Amino acid sequence: MELRSLRYFVAVAEELHFGRAATRLHMSQPPLSRAIKRLEADVGALLFTRSPTGVTLTPVGAVLLDEARALLDHADRVRARVSAAADGATLTVGILGDGTDPGVSRLADAYRRAHPGIDIRIRETDLTDPTCGLRTGLVDVALTRAPFDETALTVRALRTDPVGVVLRADDPLARRDRLRLADLSDRRWFQFPPGTDPVWQSYWNGGTPREGPVVRAVQECLYAVLWNGTVGLAPLGHDLPAELAVVPLVDMAPSRVVAVCNEGDTNPLIRSFMAIAAAAYRH
């Protein structure tokens, strides 16, 4: 017995007329009549006595009417409670990178339209954890940059950005149109703290062990360049202070913007985030 069939039955039972019930249900009469006949077949008894002027309930129909009303009321309460619970749900999103990225803005708008009742909490993280706290349970899903150790994670690529070297504006190399990693072999590079994901560390060091100051945040990296002449790396297209310049690195693999969740996560809010993120970054 489907809830829809029971709603049809209640409408006919209350109107005692197929035509008026069909109008109330915003449907034509023939499919309504067929639905009631199927319901009678399921029950194994007639629910209505038909006449040219309308219908009346049979004894079986009268019993079903009470039960159907109770079932439909319960279904409505279930729906209301589930909706209220969903409206109170929270999704914590870890973000590493530039919050002014237009992809982030499109994603935020699209997700709010799809899930208006969800409380979205943002946890901005530093450069020491590319998963933004996903592995430790601090966030439900992450919007970050690859590469990093992807073990037990689901990673969806959203966009790739070319990478450049950040230098002081008065550095002789800053006048070049492009650079190669070999051009920077004798320079000091920034480092991440011990324990940082080695795949992540290696990428931002150009695949070679380096010497240089330890940084945890983007601003610390920029200050290391400004104050000490340290080599920094950054995706192209980001605004920098006038005292700094960025030169494209022609032999550096692009930086991938990715959405990440724990492998096998069945939370529909997280699955929806991953799908909406992919669509938002395609524009």
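Residues numbered from 1 in each chain as written. Predicted model: local features only at pLDDT ≥ 70, side-chain atom pairs only at ≥ 80, totals over all residues. Heavy atoms only, no water.

K.L.:
Is there a simple way to explain the overall build of the chain in this structure?
P.N.:
Each helix and strand counted, the chain has eight helices and 10 strands in total. At 31 Å, the chain has a C-alpha radius of gyration far larger than the 19 Å of a compact globule built from 283 residues. Expressed as a percentage of the 283 residues in the chain, the buried residues total 42%. Pairs at least 24 apart in sequence give 69% of the contacts found in the chain among residues at least 6 apart. Split by element, the accessible area of the chain, about 15,400 Å² in all, is 54% carbon and sulfur. Considering the chain, the positive charge centre built from 33 side chains and the negative charge centre built from 34 side chains are found 6 Å apart. (Helix = DSSP H or I, 4+ residues; strand = E, 2+ residues; numbered from the N terminus. Rg over C-alpha atoms; globule rule 2.2 N^0.38 Å. Buried < 20%, exposed > 50% of the residue type's maximum accessible area, 1.4 Å probe, protein only. Contact = heavy atoms within 4.5 Å. Areas by Shrake-Rupley, 256 points an atom, 1.4 Å probe, with all protein chains shown as cover. Lys, Arg positive; Asp, Glu negative; His and termini not counted. Charge placed at Lys NZ, Arg CZ, Asp CG, Glu CD.)

K.L.:
Got a minute to help me understand the sheet that holds strand 7 (residues 163-168) in this structure?
P.N.:
What holds strands together in a sheet is hydrogen bonding between their backbones, with the strands either parallel or antiparallel. Taking strand neighbours across the sheet as the criterion, the three strands line up as 8-7-9 in an open arrangement whose pairing is antiparallel. Two strands lie at the open edges of the sheet, namely strand 8 (232-235) and strand 9 (244-248), each paired on one side alone. Sheet twist, expressed as the average angle between the axes of neighbouring strands with direction ignored, equals 40 degrees. Where strand 7 and strand 8 come together, four bridges link them in antiparallel fashion. Looking at the pairing, Val-166 lines up with Gly-232 of strand 8. (Pairing = 2+ DSSP bridges. Axes fitted to C-alpha atoms, helices over the stretch in contact; angles between N-to-C directions.)

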